[in-house]
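Single-letter residue listing:
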Amino acid sequence: MSPLVWDLAHIGNQEELWLLRNVAGRAAIRPEIDGLYDAFEHPRAERPSLPLLPPEEARQYLAEVRGRALDVLESTAFHGTRLTEAGFAFGMIAQHEQQHDETMLITHQLRRGAAVLTAPDPAPVPPFTGPAEVLVPGGPFTMGTSAEPWALDNERPAHRRIVPPFHIDTTPVTNAAYQAFIEDGGYDDERWWTAEGWAHIRAHDIRAPLFWHCDAGQWLRRRFGVTEVVPPDEPVLHVCWYEADAYARWAGRRLPTETEWEKAARHDPVTGRSTRYPWGDSDPTPENANLGQRHLRPAPVGSYPAGASPLGVRQLIGDVWEWTSSDFLPYPGFRAFPYPEYSEVFFGPEYKVLRGGSFAVDPVACRGTFRNWDYPIRRQIFSGFRTARDASPETV
């Protein structure tokens, strides 16, 4: 991971680049630092050795940029260019900052030592007793968006997809369910793993989700500097794609495709519309989803009934990023904007798509069309999953 102070100044540098220089046409404040904070010029492993701005200087730089950016915001006409239309550049930068805020929280989770972050826990809920899965009817739906003003290039354009009927878990897979996979020898049985996944867990001696360990027969986890009993009713967290895929095979199911996930999250079977969120078109509230780092953990499964989809699928937004079976690929008609390095350079089979956002994601950077992607080995991210299965003729 990057040093936290790199992320801090990088946020300011991107804000300066896009809002002050590109939108407002202003001269660079500190052009000599551009290269230091170019994510493509310096991979994460190099960043600790760079001559970075020290914390106080980074804060001063960020404050100066923010003050000028707010001036630009007041004077900019939100039309005339694609970058300024509906305030896209400002929305892009707001999302960029919040994405790095989540990255910085991941760094906090990885660090050793005493806890330095606190937040209230999600409200307790009764044990979830609803149906284990939901049938999503087959047929067409609109995937992606051409109307969401701050949607990023990989979410565009809206296009029609035909999806066969399928079943999807009502809630994400829980720690208790995943523990059953472990205790049934899931990490020792090659049947459940792809060849690449089996080789990876053997090479790195992976036997449980990241940050878990077993002590005297009890599973414990480390969460932001605190060691605690693994809560059975929370969505499982910090598993890689290979682990999610193996669990699904063990359970006699599979990971949903990205298309299936989005149809479950956005399609209203009554109106035929694709909504912005599972609950409709309104922006998220604390009653809809666990977002924005209000809590530093997922909520128990079955939480947020007000955020359910029309078919009753729970917690599709917030709590944990959900692995899908799909590679990260462009939609038909994709056009890179405003620069190819945001999405285009990552398209291909080496990255898997995650959907839905986590408790660490701000609402501005999370919606039903938002696409995240990462390597299938990645576990430090706030990732979980739910499973799916094909619908049999008698259930359709």
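Because the structure is a prediction, the values reported are computed rather than measured.

**Describing the overall build of the protein**
Looking only at helices and strands, one finds 7 helices and 12 strands in the protein. Over its C-alpha trace the protein gives a radius of gyration of 21 Å, about what one expects of a compact globule, namely 21 Å for 396 residues. Along the longest, intermediate and shortest principal axes, the C-alpha atoms of the protein span 65 × 50 × 40 Å. Buried residues in the protein amount to 55% of all 396 residues. The long-range share in the protein, meaning contacts at least 24 apart out of those at least 6 apart in sequence, stands at 76%. When the accessible surface of the protein is split by element, carbon and sulfur atoms take 55% of a total near 16800 Å². Once the 39 positive and 53 negative side-chain charges of the protein are each reduced to a mean point, those two points are 2 Å apart.

**Concerning helix α4 (residues 175-183)**
Here α4 has its buried residues at N175, Y178, F181 and I182. The arc enclosing the buried residues of α4, seen along the axis, measures out at 115 degrees, which places them on a common side. At the C-terminal side of α4, G185 shows a positive phi close to 80 degrees.

**Considerations on the pairing of strand β1 (residues 133-136)**
Side-chain positions along a regular strand alternate between the two faces of the sheet. Residues V134 and V136 line the buried face of β1, whereas the alternating positions E133 and L135 sit on a face that is not buried. Direction of pairing for β1 relative to strand β4 (residues 166-169): antiparallel, over a ladder of 4 bridges. Bridge pairing in β4 links E133 to D169.

**With respect to helix α7 (residues 258-266)**
In terms of residue burial, α7 counts as a mostly covered element, since 9 of its 9 residues are buried. Restricting attention to buried positions, one finds in α7 the residues E258, T259, E260, W261, E262, K263, A264, A265 and R266.

**Details of the packing of helix α1 (residues 4-23) against helix α2 (residues 55-75)**
At their nearest, the axes of α1 and α2 sit 9 Å apart, and the two run at 25 degrees to each other. One element, α1, and the other, α2, form an angle in the roughly parallel class. When the axes of α1 and α2 are compared, the crossing they make is left-handed. Contacts from V5, L8, A9, I11, G12, N13, E15, E16, L19, L20 and V23 of α1 reach α2 at P55, A58, R59, Y61, L62, V65, R66, R68, A69 and V72. Looking at the contact of α1 with α2 residue by residue, the class counts come to 14 nonpolar, 2 polar and 5 charged.

**Thoughts on the sheet that holds strand β6 (residues 218-223)**
With antiparallel pairing, the 3 strands of this open sheet are ordered in space as β5-β6-β7. In this open sheet, the two strands that pair with only one neighbour each are β5 (212-215) and β7 (226-229). Averaged over all pairs of adjacent strands, the angle between strand axes in this sheet comes to 35 degrees, irrespective of strand direction. Of the strand pairs in this sheet, β5 and β6 are connected by 4 bridges, and their pairing is antiparallel. Residue pairing in the sheet places C214 in a bridge with W219 of β6. Packed onto the sheet, α4 meets β5 and β6 and runs at close to 125 degrees relative to β6.

**What about the sheet that holds β4?**
Reading across the sheet, the 3 strands line up as β1-β4-β12 and stay open at both edges, with antiparallel pairing between neighbours. Each having just a single partner strand, β1 and β12 (388-390) make up the two edges of the open sheet. Taking the axes of each pair of neighbouring strands and ignoring which way they run, one obtains an average angle of 25 degrees across the sheet. Strands in contact with α7 are β1, β4 and β12; relative to β4, the strand with the most contacts, it is inclined by about 75 degrees.

**Here we look at the UniProt feature "binding site: gamma-L-glutamyl-L-cysteine" (unreviewed entry) in the protein**
UniProt's entry tags R44, A45, E46, R47, D374 and R378 with the feature "binding site: gamma-L-glutamyl-L-cysteine" (unreviewed entry), counted in the numbering of this structure. As for the annotated residues named above, the ones lining the largest pocket are R44, R47, D374 and R378. Residue classification places D374 among the buried residues on the basis of a relative accessible area of 12%. If sequence neighbours within four positions are ignored, D374 has contacts with W323, E350, Y351, K352, L354 and I381. Beyond its immediate stretch of four places on either side in the chain, R378 contacts V239, C240, W323 and S383.

**Looking at the packing of aromatic side chains**
Per the counting criterion, the structure on display carries 30 aromatic pairs. When the centroid spacing of 6.3 Å and the interplanar angle of 45 degrees are considered together, the rings of F181 and W193 count as tilted. Here W193 lies in the loop between α4 and α5 (195-203) and F181 lies in helix α4, a separation of 12 residues in the sequence. No difference in accessibility class separates F181 from W193, as the two residues are buried. Counting every residue linked through ring pairs, the aromatic cluster contains W18, F40, F328, F334, Y339, Y342, F346, F347, Y351, W373 and Y375. The ring of F337 has R82 lying over it, and the distance from NZ or CZ to the ring centre is 3.9 Å. We note R371 situated over the ring of Y331; from NZ or CZ to the ring centre the distance is 4.2 Å.

Rules used throughout
Residues numbered from 1 in each chain as written. Predicted model: local features only at pLDDT ≥ 70, side-chain atom pairs only at ≥ 80, totals over all residues. Heavy atoms only, no water. Helix = DSSP H or I, 4+ residues; strand = E, 2+ residues; numbered from the N terminus. Rg over C-alpha atoms; globule rule 2.2 N^0.38 Å. Buried < 20%, exposed > 50% of the residue type's maximum accessible area, 1.4 Å probe, protein only. Contact = heavy atoms within 4.5 Å. Areas by Shrake-Rupley, 256 points an atom, 1.4 Å probe, with all protein chains shown as cover. Lys, Arg positive; Asp, Glu negative; His and termini not counted. Charge placed at Lys NZ, Arg CZ, Asp CG, Glu CD. Arc of directions from axis to C-beta. Pairing = 2+ DSSP bridges. Axes fitted to C-alpha atoms, helices over the stretch in contact; angles between N-to-C directions. Parallel < 35°, antiparallel > 145°, perpendicular 65-115°, else oblique. Left-handed = near helix turned anticlockwise from the far one by under 90°. Nonpolar A, V, L, I, M, F, W, Y, C, P; charged D, E, K, R; others polar. UniProt positions renumbered as here; feature names shortened; annotations may be inferred. 1 Å grid on protein atoms, 1.4 Å probe; cavity = no way out; pocket = protein on both sides within 12 Å on 5 of 7 lines; lining within 4 Å. Phe/Tyr/Trp six-rings, centres within 6.5 Å; stacked < 30°, edge-to-face > 60°. Lys NZ or Arg CZ within 6 Å of the ring centre and 35° of its normal.

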